Amino acid sequence: MTVEFLKTVEWVPLSPESLVPGKVRLIDQTRLPVSLEYLETDDVEEIWHAIKVLKVRGAPAIGVCAAMGLVAAVQNSSAVTSDRLIADARKKADYLASSRPTAVNLFWALARMMSVAEENVGMLPVQILVRMAEEANAIRNEDAAMCRSIGAHGVALLNEGDSILTHCNAGSLATAEFGTALAPIYTAKERGIGIKVFADETRPLLQGARLTAWELQHAGVDVTLICDNMAASLMQSGRISCVMVGSDRIAANGDVANKIGTYGVAVLAKYHGVPFYVLAPSSTFDVSLATGADIPIEQRDPVEVREIQGIRTAPSDVAVLNPAFDVTPAELVTAIVCEKGILRPAYGRRIAEMIAC
Ligand code: MRU
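Residues numbered from 1 in each chain as written. Predicted model: local features only at pLDDT ≥ 70, side-chain atom pairs only at ≥ 80, totals over all residues. Heavy atoms only, no water.

Caption draft 1: Local environment of the sheet that holds strand β8 (residues 249–251). Spatially, β11-β8-β9-β14 is the arrangement adopted by the 4 strands of the open sheet, whose pairing is mixed. Two strands close off the open sheet at either side, each with one partner strand: β11 (285–286) and β14 (325–328). (Pairing = 2+ DSSP bridges. Helix = DSSP H or I, 4+ residues; strand = E, 2+ residues; numbered from the N terminus.)

Caption draft 2: View of the packing of aromatic side chains. A complete count under the given rule lists 4 aromatic pairs for this structure. Aromatic pair F5 and F178: ring centres 5.6 Å apart, planes at 85°, arrangement edge-to-face. Of the two residues, F5 is situated in the segment before β1 (9–12) and F178 in the loop between β4 (163–166) and α6 (183–190); the sequence distance between them amounts to 173 residues. Comparing F5 with F178, the two get one shared label, buried. A network of ring pairs unites the aromatic residues F5, F178 and Y186 as a single cluster. Here the basic side chain of R25 rests over the ring of Y38, its NZ or CZ set 4.0 Å away from the ring centre. Over the face of the ring belonging to F325 we find K259, whose NZ or CZ atom lies 4.4 Å from the ring centre. (Phe/Tyr/Trp six-rings, centres within 6.5 Å; stacked < 30°, edge-to-face > 60°. Buried < 20%, exposed > 50% of the residue type's maximum accessible area, 1.4 Å probe, protein only. Lys NZ or Arg CZ within 6 Å of the ring centre and 35° of its normal.)

Caption draft 3: Examining the pairing of β1 more closely. Burial along β1 is one-sided: V9 and W11 are buried, and none of E10 and V12, which face the opposite way, are. Inspection of the sheet shows β1 paired to strand β2 (residues 23–27) by 4 bridges, in the antiparallel sense. When the bridges of β2 are listed, V9 appears paired with L26.

Caption draft 4: Seen up close, the sheet that holds strand β10 (residues 276–279). Read across the open sheet, the 7 strands follow the order β6-β5-β4-β7-β10-β15-β16; overall the sheet is mixed. Among the strands making up the open sheet, the edge pair consists of β6 (223–226) and β16 (341–343). Going across the sheet, the axis of each strand differs from the next one's by a mean of 25°, ignoring polarity. Of the strand pairs in this sheet, β4 and strand β5 (residues 196–200) are connected by 4 bridges, and their pairing is parallel. Paired with I164 across the two strands is V197, which belongs to β5. Contacting β7 (242–245), β10, β15 (335–338) and β16, helix α5 (residues 125–154) crosses the sheet at an angle of about 135° to β15. (Axes fitted to C-alpha atoms, helices over the stretch in contact; angles between N-to-C directions. Contact = heavy atoms within 4.5 Å.)

Caption draft 5: A look at the site of the ligand. Taken together, 18 residues sit near the ligand, with R57, A59, R100, N258 and K259 positioned nearest. A distance of 2.8 Å is found between an oxygen atom of the ligand and a backbone nitrogen or oxygen belonging to A59. The separation between an oxygen atom of the ligand and a polar side-chain atom of Q207 is 2.9 Å. If the ligand stood free it would expose 410 Å²; the protein chains cover 100% of that surface. Going through the elements one at a time, α2 (59–74) and β9 (256–259) are the ones with two or more residues in the shell around the ligand. Across the shell around the ligand, the residue classes break down as 7 nonpolar, 7 polar and 4 charged. (Near = heavy atom within 4 Å. Polar contact = N/O pair within 3.5 Å; in protein donor to acceptor, adjacent residues only side chain to side chain. Areas by Shrake-Rupley, 256 points an atom, 1.4 Å probe, with all protein chains shown as cover. Nonpolar A, V, L, I, M, F, W, Y, C, P; charged D, E, K, R; others polar.)

Caption draft 6: The arrangement of the environment of A219 in detail. Position of A219 relative to the elements: it lies in the loop between α7 (207–218) and β6. Look at A219 and you get buried, because its relative accessible area is 8%. C-alpha of A219 to C-alpha of T291: the two residues are 72 residues apart in sequence and 36 Å apart in space. In this view, A219 contacts V3, Y186 and K189; residues no more than four positions away in its chain are not counted.

Remember, this is a structural readout, not a statement about activity or role.
Shown next, in the form of structure tokens:
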């Protein structure tokens with residue numbers, strides 16, 4: 001069976017004849033699972049805010065949204081010359097890049113968009129916009145294709161009857177479609193392989209409970225939600241066959257930044273002899289960083305820890321730490337699955353070589 005997905009980010013065309021797209025339309029993931037609502041905008045501040053507050057989130061989806069959002073915002077530019085249009089695009093790209101620091105896909109996508117704009121400086125402004133729209137479409141379509149390939153490679157790691165633990169949401173909602181960590185699960189579903197998923201709820205913002213549980217249920221996958229502190233006990237009782245997670249940035253040595261709590265799950269998996277797999281497209285690798293120690297970790301608003309969905313669960317003035325991500329050392333990762341195949345440690349220069357080819 002084929003699994004159908006909602007479009008995480010898409011265009012709303014200005015008109016059927018228009019050469020450039022109109023607004024960008026995205027699922028407002030802060031409203032899930034209570035209601036399925038969309039944001040439609042061409043306003044750069046609204047796009048920045050959507051990324052900041054996690055209306056759109058997940059490393060690949062952030063990159064896709066920034067690329068499409070940049071075109072949507074720049075097409076309203078009053079610039080009459082190509083130089084001015086490119087200067088306006090640069091200003092807006094730099095602004096969008098300031099929304100969140102950890103997912104490298106954001107900077108990767110914006111760099112691609114600006115290269116295309118700058119390479120075409122001799123063209124008319126409208127032609128540059130058309131080239132930028134084509135590039136944003138390419139980023140979106142390549143992401144969807146990479147996720148399918150990750151699924152095709154990753155499904156080889158699964159067997160009939162397996163139970164997979166996942167953390168945060170690295171599914172269709174976190175990508176153009178199909179997901180990274182959830183891609184082998186969807187591929188297994190399509191191929192009729194019987195598997196089961198345990199989803200960590202993923203405090204503080206509950207991406208596992210709100211998003212992973214929702215999208216897996218929507219796709220007809222057998223999913224059971226657990227609190228984050230239940231994973232150890234499940235592994236101890238032999239109920240987890242493997243862990244599959246996504247990533248926001250992977251350094252040249254294979255260290256992996258992902259949602260806070262991932263490192264703890266990796267330590268648990270190592271102790272219990274459970275394979276720990278990271279699944280990510282090549283746009284998530286940052287081989288300019290030698291190790292994970294150089295990955296910038298986003299610190300978020302303390303209120304996210306003092307409250308759950310707007311309801312206070314702690315003293316209003318208690319001191320709080322709220323790092324959004326942690327770094328799992330490469331030695332705890334059994335394998336990294338990307339669209340090009342499965343990499344196992346020790347990686348040496350293989351990650352940099354794979355990205356280069
Ligand atoms: O803060 P978020 O929700 O953007 O964090 C998302 C994650 O940590 C995902 O696991 C990661 O971006 C991979 S998504 C394919």
